Amino acid sequence: IYTAFQEKRGLVLVLNKYIAFGCVAGETIIQNTKTGSYFTLNNQGTELWNLYFKGKTISEIKQYFSEKYPESRSDISKDVDRFFDELRNNDIIAM
């Protein structure tokens with residue numbers, strides 16, 4: 001049920017074949033069409049999602065956000081991990 005979407009430097013993002021996503025009014029909507037569950041991503045979530053699909057590793061994403069939001073540096077690592085954990089736990093992606 002999962003389809004390899006992209007590969008870079010040995011890191012593979014695998015997208016569930018029942019996933020549909022798109023951008024509406026600046027927000028990304030991700031839906032599992034089999035279960036009906038969906039996520040709406042805010043600007044930072046959309047930016048994170050887009051960076052990952054452009055081939056950035058999770059470490060690179062954490063570094064990017066740490067530089068962009070230095071005042072939130074201590075929370076960024078766990079927030080990025082939580083984002084991907086939530087997607088995995090809801091059968092959106094497998095890594």
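Above this text is the structure in question.
Residues numbered from 1 in each chain as written. Predicted model: local features only at pLDDT ≥ 70, side-chain atom pairs only at ≥ 80, totals over all residues. Heavy atoms only, no water.

Enquirer: Looking at this model, I keep getting lost on the pairing of strand β5 (residues 38-41). Mind explaining?
Expert: Residues of β5 alternate between two faces, with Phe 39 and Leu 41 buried on one and Tyr 38 and Thr 40 left unburied on the opposite face. The pairing of strand β4 (residues 27-32) with β5 spans four bridges and is classified as antiparallel. Bridging across to β5, Ile 29 finds its partner in Thr 40. Adjacent in sequence and paired antiparallel, β4 and β5 are bridged by five residues, among which Gly 36 carries a positive phi angle near 85°. (Buried < 20%, exposed > 50% of the residue type's maximum accessible area, 1.4 Å probe, protein only. Helix = DSSP H or I, 4+ residues; strand = E, 2+ residues; numbered from the N terminus. Pairing = 2+ DSSP bridges.)

Enquirer: It is not clear to me how helix α2 (residues 58-68) should be interpreted in this structure. Could you clarify?
Expert: Owing to its 3.6 residues per turn, the α-helix brings residues three or four apart onto one side. Within α2, the full set of buried residues consists of Ile 58, Ile 61, Lys 62, Phe 65 and Ser 66. The buried residues of α2 occupy one face: seen down the axis, they fall within an arc of 135°. Away from the buried face of α2 by more than 90 degrees, exposed residues Ser 59 and Glu 67 are located. (Arc of directions from axis to C-beta.)

Enquirer: Is there a simple way to explain the packing of aromatic side chains in this structure?
Expert: What characterises a pair of aromatic rings is the spacing of the ring centres plus the angle enclosed by the ring planes. Under the defined criterion, the tally for this structure stands at five aromatic pairs. With a centroid separation of 5.2 Å and 80° between ring planes, the pair formed by Phe 21 and Trp 49 is classed as edge-to-face. Highlighted residues: Phe 21 in strand β3 (residues 19-24) and Trp 49 in helix α1 (residues 43-53), separated in sequence by 28 residues. For Phe 21, a relative accessible area of 38% translates into the label partly exposed. (Phe/Tyr/Trp six-rings, centres within 6.5 Å; stacked < 30°, edge-to-face > 60°.)

Enquirer: Is there a simple way to explain a nonpolar patch on the surface in this structure?
Expert: Together, Val 24, Ile 29 and Tyr 38 make up a nonpolar patch on the protein surface, roughly 300 Å² of accessible area in all. Its location among the elements puts Ile 29 in strand β4. (Patch = residues over 30% accessible without salt bridge, like charges linked within 9 Å, V, L, I, M, F, W, Y side chains within 5 Å. Areas by Shrake-Rupley, 256 points an atom, 1.4 Å probe, with all protein chains shown as cover. Salt bridge = Lys/Arg side-chain N within 4 Å of Asp/Glu carboxyl O.)

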